[in-house]
Amino acid sequence: MTVSKAQLDAIGRPIIIASHQRSGTHLTIDLLRKHFPDTNPKLKPLESLHHLYIDMDSFAPDHHNPMSVETALRLLSRNPRPIIKTHALPTDSFAGGDFEPVVKTIFERAQILNVVRDGRSVMPSLQLFEQPWNPDAHTSFSEFIRSEYEGLERPKYWERHVRSWQSTDRCFTVRFDRIIKDTEPVLIELGEFLGMTPTMKKPLLPVAMKSHYEGWLRRLIGSTETTTIPGAGKSPKWWDQFTDEDRVYFDDLAGDLLIELGYEPDHAWAQRSEAPSA
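Throughout, residues of each chain are indexed from 1 in the direction in which the sequence is written. In view of the model being predicted, local features appear only for residues whose pLDDT reaches at least 70, and side-chain atom pairs are presented and counted only at 80 or more, with totals across whole chains, interfaces and linings using the full set of residues. Hydrogen atoms and water are omitted, and side-chain values are computed over all heavy atoms in the structure.

**Student:** So what about the pairing of strand β3 (residues 83-86)? Which residues, and what values?
**Tutor:** A simple rule labels every residue: compare its accessible area, found with a 1.4 Å probe on the protein chains alone, to the largest value its type can have, and call it buried under 20%, exposed over 50%, or partly exposed in between. The numbering of helices and of strands both runs from the N terminus, where a helix is a DSSP run of H or I of at least 4 residues and a strand a run of E of at least 2. Burial along β3 is two-sided: I83 and K85 facing one way and I84 and T86 facing the other are all buried. For two strands to count as paired, DSSP must find a minimum of two bridges between them. As defined by bridge partners, strand β1 (residues 15-19) adjoins β3 across 4 bridges and the pair is classed as parallel. Across the sheet, I17 pairs through a bridge with K85, a residue of β3.

What follows is the structure in structure tokens.
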């Protein structure tokens, strides 16, 4: 289809949430929706929870559930600050053809939140998440983190992903653990970056769904605080998974970034075998 200027003009000022998988994407989406009304569209009864945001990765025709241009334009124009999520690198080609002017407009207008999580915690969570379809996820943890994704070792891809988004224009980096532990100051920082005032509605964090049945009821009434459906279980702590060799391996590939993000003061963690101090 041909996208008109009027359709592009109707797109609000998007907020891109760029994150590596298993890094708090949906918590961030729901935090924004709860405290910044312009980001929160009204769902129609039984409308998909996925329509509370736009998955830019689904613009690609080889996506497992590709989005149409018509749907994307409708979701991008239904509220002033549409939320867009992506796990891709900023250098990836999201789409061509009919989507090209849409993607161009998004990046011209968007502010970017780079949500990061300690890469060591990402790894066991990612292994558990991928087990339903990825044979590599059924190997040992040590083998899994040494498998490749997009041509890079897993820790190196995590490091590449974070650094790539940090170097883009209009990007603000926020740590997943700070969202949980320091929610109020994080909301103030997000409000200053986005130019909006948070509601500070208590409780500050979105209330999680307890069951798939609750998710169905929320869709029925067109109201929910969360876009996260209950998953398969809680992933193990990274320090219970990493061997001494795994620590050195991860540190060699991504240790500098751990220090830059404030997760470690230096590289000494890779030489210890105990859990981190509180």
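Now that the structure is up, let's keep going.
**Student:** Would you mind going over the pattern of salt bridges in detail, with residue names and values included?
**Tutor:** Any Lys or Arg side-chain nitrogen located within 4 Å of an Asp or Glu carboxyl oxygen qualifies as a salt bridge. Counted by the stated rule, this structure contains 19 salt bridges. We note a salt bridge from K34 to E225, for which the minimum N-O separation is 3.3 Å. In this pair, K34 sits in helix α2 (residues 25-35) while E225 sits in the loop between α10 (212-221) and α11 (238-241), placing the two residues 191 residues apart along the sequence. Here the salt bridges do not stand alone but share partners, grouping D118, R120, E264, R272 and E274 into one network.

**Student:** Quick rundown of unusual backbone geometry? Include the residues and the values.
**Tutor:** Cis geometry marks the peptide bond from K202 to P203; its omega dihedral reads -10°. By the element assignment, P203 lies in the loop between α9 (183-194) and α10. The phi dihedral of R22 falls on the positive side, at around 65°, and the residue is not glycine. Following the sequence through the fold, R22 ends up in the loop between β1 and α2.

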